[in-house]
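Understanding the architecture of this molecule
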Amino acid sequence: MGKSMKKLSLLFFIITGIFLTSCKKDVSPELEITVNDINGNKQKNAKVKVSVDGATDGIVNSRVIDSVNTDQFGKAFFQFDNTILIDVAVFSQDGTVSDSLSILCETKKLKSKENNVYTRTMTYK
């Protein structure tokens, strides 16, 4: 009876370990924009703005309407709470839109240490 209890205990620990390591949770989306100039060089201090269609018509989460300047590596980062269809624009020095895109950033069920990062490259003219 001692051997069968050891086998059952071992089986229990294996199943518990598999269950705990395979648990998935909702991970909110993040967006990483890399801005290059027309020669492919990273563009620092470029203004990148995110918004959603119809944002001016109502109250929207402040993370949805945001703008940042790119860092020294030409990158801008944004985080969102839920799935969102977001419009992204890069502005030139004179304030005109240099490049734009729309992207669906979705909340996903991922393992505990996985990231949910959407990456895109845009051009600064």
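The preceding data block contains the structure.
Values in this document were obtained by computation on a predicted structure and should not be read as measured data. (Residues numbered from 1 in each chain as written. Predicted model: local features only at pLDDT ≥ 70, side-chain atom pairs only at ≥ 80, totals over all residues. Heavy atoms only, no water.)

**Some points on the overall build of the protein**
Counting secondary structure elements, the protein contains 1 helix and 9 strands. Secondary structure of the protein in N-to-C order comes out as α-β-β-β-β-β-β-β-β-β. Here the protein holds 125 residues, and the buried ones make up 29% of them. Look at the contacts in the protein between residues 6 or more apart in sequence, and 60% of them connect residues 24 or more apart. Surface summary for the protein: the accessible area is close to 8,700 Å², and the carbon and sulfur share equals 53%. (Helix = DSSP H or I, 4+ residues; strand = E, 2+ residues; numbered from the N terminus. Buried < 20%, exposed > 50% of the residue type's maximum accessible area, 1.4 Å probe, protein only. Contact = heavy atoms within 4.5 Å. Areas by Shrake-Rupley, 256 points an atom, 1.4 Å probe, with all protein chains shown as cover.)

**A look at the environment of Glu106**
Along the chain, Glu106 turns up in the loop between β7 (97-105) and β8 (108-111). It is 9.1 Å that separates the C-alpha atoms of Glu106 and Tyr118, two residues lying 12 residues apart in sequence. Ignoring any residue separated from it by four or fewer positions in sequence, one finds Glu106 in contact with Val27, Pro29, Thr83, Asn116 and Tyr118.

**Notes on the sheet that holds strand β6 (residues 84-91)**
What the 4 strands build is an open sheet, ordered β4-β3-β6-β7; its pairing is antiparallel. Bordering the open sheet on either side are β4 (66-69) and β7, each of which pairs with just one other strand. Between one strand axis and the next, the sheet turns by 20° as a mean value, whatever way the strands run. (Pairing = 2+ DSSP bridges. Axes fitted to C-alpha atoms, helices over the stretch in contact; angles between N-to-C directions.)

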